[in-house]
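# Chains, contacts and geometry: an overview
Chain residues, written in single-letter form:
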Amino acid sequence: MFDAIRQHNKIMMWILFLLVFPSFVFFGIEGYGRFNEGASKVAEVGGSAITQTDWDNAHRQDVDQARTANPNVDLNLLDSPAMKYASLERLVRDRVLALAAQQEHLLVSDARLAGALQADPSIAALRDAEGRLDMEGYKRLLATQGLTPEGFEERLRANLSVQQVLGGIADSDIVAQAQVDATMGAFLERREVQVVPFTPAAHVADLKPSAQELQAYYQAHLAQYEEPESARVEYIVLDLDSVKNSITVSDAELKTYYEQNAATLGTPEERRASHILIVAPRDEPPAEREKARATAEQLLQQVRADPARFAEVARKSSQDEISAASGGDLGFFQLARGTDPAIAQATFKLAKVGDISDLVESDFGYHIIELTAIKPAQVPPFDELRARLSDQLRTQQAQARFSEMAEAFTNGVYEQSDSLKPVAEQLHLTIHTAEVTRTPAPGASGALASAKFLNALFSGDVVNNKMNTEATEVGANQLAAGRVLEHTAAHARPFEQVEDEVRDAWLQERGAQAARAAGEARLKAWQADPASATDLPATITISRDDPRQQPQAVVEAVLRVDPDKLPAFVGVDLGAQGYAIARVDKVLPPALRAPAESAQLRASYAQLWNSTEVRSYYDLLKARYKAKILVPRPAPGELAPATE
């Protein structure tokens, strides 16, 4: 397909012009936009459409957030149909809750917005010793997320408003102990049973398959013996390591880098200080804070008048219970770590040992700080750091050059689509070869672990026309492209090669059938004449939380038996594992639990009940605002579609 487009691109442009231009003439630009929007609608809430573009943007945002939180996250997982559908569900949920907040007039006050901003650690870190926000730093922080302060605060206000929709439901449920006891008592009920297993293995010795039966089984189950589609491929990978390996740096560059980064290459400067603290939390009444400040001002005048008495004043008047006994000594710390940021910043502004700060305000109150010692930064000599400097500088240059080389890589594998060699030579990349199938092999890594890349390798043009794949993102800062050298279609292995496997499978299937027939006959006889059920195994007590190694199907069947009709026999078909008969004798209450375990059980039940209530209310809102998704849910385990 791509080959034809490449060879006839001018013709294709003319065809597109003939198709698209009349639609603008007859329908107009606005009508064309409405037509396109309707065609791409994937969901709707309250009569408003959610388009494919909205969905794509929401999924891209989810992927970016996941990669920011975990740079090593598997891109195959993030690009799977299940994850994309989850993004659509999240988008619909956000629209429903936003509409509910709007309809119910749930507003967020400026005070609550300010509180939420203050609670954000990344924003709180931008405040200075006086509690003032570094606005330039705030703008830079938000710019990294593509936001302005106004846009971020408006989004946060909307999120807080939406939280109120479900918050009232989530916070209002009170679960009574009687309710917990009734529900969990039924769920954790115990029963005394005698279980008789009928296993396939007990019948296998009596089964003698003929050659015709084995051939018939093989023909009926060819899919079980199919060799998957495979290909011998060659591929190239562009990543930071490959870019880095192509970079060399001179001694002059290294020495310049050493001089520019000397402060970060060794041990940072450390300072030792003592302080006097007068406690005054920020949430204390203004009159109390003012009183504390006046006390601190008096102490500041004392130590400035006689600096030699700083330790004595600290022992007598500091309200820091930990450091006061040692004359206010805080030990050594760095600017970025080791003590409260307000104390560190004030200490590192002092010029020399013995200097005393002005009053310093922190979350704890008012501080007076004396600089008592300085440990200068220690920077190792250049020759000692040469290898480390070379690695750091090459890494930085690789990061800077990766975008440029990624563009060359992407264009090269597309424009010279019948070979990887030109791009590999241009960018100094190694051409690898491998045998692959459509699914990653156990233990595969890198590009060969990417389902997206493997799907691209098995796409039509790549297999049939031996074209290069397009550049495919297989990891963070990692692109791959490949081509098929030899392709083998999926095929069943010959009977002679799998005869032993066929025999084992036939015996297992027929053994399970024989076990089931024997079990059903025995069950019928015992139900007709319970006294004939002799030599039963020892009685055991089973429950959902203690199944005593019984299959789950047996446990559920036993617990469903009518307690008013005991003793009773119940048969359970275990499929390939055969059959089981259980004689249910007695119902027992749940086992006694320690108080701590009971409390944990109640908390778990309350959490489950709370989640159910929230989900029910959300379902009510979905119905109220006529929210519906118009695309089908992907099948479990469905792979991402191949790149065309």
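Keep in mind the model is a prediction, meaning the values are calculated, not measured.

Another point: the pattern of salt bridges. All chains considered together, the criterion is met by 30 salt bridges. The salt bridge partner of E361 is R282, with a shortest N-O separation of 3.3 Å. Of this pair, E361 sits in strand β8 (residues 360-361) while R282 is found in the loop between β6 (270-279) and α16 (286-305), placing the two residues 79 residues apart along the sequence. Residue R544 is joined to E556 by a salt bridge in which the shortest nitrogen-to-oxygen separation is 3.2 Å. Residue R544 is found in the loop between β14 (540-542) and α24 (552-560), and its partner E556 is found in helix α24; the two are separated by 12 residues along the sequence. Residue classification places R544 among the partly exposed positions, given a relative accessible area of 26%. Here the salt bridges share partners, and the residues they tie into one network are R282, R289, E361 and D363.

Moving on to the packing of helix α14 (residues 251-260) against helix α19 (residues 382-415). At a closest axis distance of 9 Å, the pairing of α14 and α19 adopts a crossing angle of 95°. Looking at the two axes, α14 sits roughly perpendicular to α19. Where α14 abuts α19, its residues D251, E253, L254, K255, Y257 and Y258 lie against F382, L385, R386, L389, S390, Q392, L393, Q396 and Q397. For the contact of α14 with α19, the per-class residue count stands at 7 nonpolar, 4 polar and 4 charged.

The biggest cluster of nonpolar side chains holds 26 residues, and the ones touching the most others in it are I236, L238, V243, L389, F409, V413 and L429. Elements with a minimum of two residues in this core: β5 (230-239), α14, α19, α20 (421-427) and β12 (478-488). If you tally residues by element for this core, the top one is α19, at 10 residues. Core analysis: the next-biggest nonpolar cluster, separate from the first, contains 23 residues, V96, L99, V165 and L621 among them.

What follows deals with the sheet that holds strand β17 (residues 628-629). One open sheet accounts for 3 strands, arranged β2-β1-β17; its pairing is antiparallel. Both outer strands of the open sheet, β2 (48-51) and β17, are each paired with one neighbouring strand and no more. Across 4 bridges, the pairing between strand β1 (residues 41-45) and β2 is antiparallel. By the bridge assignment, E44 is partnered in β2 with A49. The strands that helix α5 (residues 81-103) touches are β1, β2 and β17; relative to β1, the one it contacts most, it runs at about 25°.

In this structure, E234 sits in strand β5. Exposure remark for E234: the relative accessible area of 14% places this residue in the buried category. Once you skip the residues sitting within four places of it in the chain, E234 turns out to touch L420, I431, H432, T433, A481, G482, R483 and L485.

Our focus in this paragraph is the packing of α16 against helix α17 (residues 310-317). Between α16 and α17, the shortest axis-to-axis distance is 9 Å and the interhelical angle comes to 155°. Looking at the two axes, α16 sits roughly antiparallel to α17. Contact residues: α16 offers L299, Q302 and V303, while α17 offers F310, V313 and S317. Broken down by class, the residue content of the contact of α16 with α17 amounts to 4 nonpolar, 2 polar and no charged.

Moving on to the sheet that holds β6. The strand order across the open sheet formed by 4 strands is β7-β6-β9-β8, and the pairing between neighbours is antiparallel. Looking along the sheet, the strands with just one partner apiece sit at the ends: β7 (329-334) and β8. Looking at chain direction, β6 and strand β9 (residues 365-375) are connected through 10 bridges and run antiparallel. Note on β9: the bridge partner recorded for H275 is I369. Set on the sheet, α16 makes contact with β6, β8 and β9; between it and β9 the angle comes to about 35°. Most of the contacts of helix α18 (residues 341-349) go to β7, to which it runs at about 80°, and overall it touches β6, β7, β8 and β9.

Quick notes on the rules
- Residues numbered from 1 in each chain as written.
- Predicted model: local features only at pLDDT ≥ 70, side-chain atom pairs only at ≥ 80, totals over all residues.
- Heavy atoms only, no water.
- Salt bridge = Lys/Arg side-chain N within 4 Å of Asp/Glu carboxyl O.
- Helix = DSSP H or I, 4+ residues; strand = E, 2+ residues; numbered from the N terminus.
- Buried < 20%, exposed > 50% of the residue type's maximum accessible area, 1.4 Å probe, protein only.
- Axes fitted to C-alpha atoms, helices over the stretch in contact; angles between N-to-C directions.
- Parallel < 35°, antiparallel > 145°, perpendicular 65-115°, else oblique.
- Contact = heavy atoms within 4.5 Å.
- Nonpolar A, V, L, I, M, F, W, Y, C, P; charged D, E, K, R; others polar.
- Core = buried A, V, L, I, M, F, W, Y, C linked by side-chain atoms within 4.5 Å.
- Pairing = 2+ DSSP bridges.

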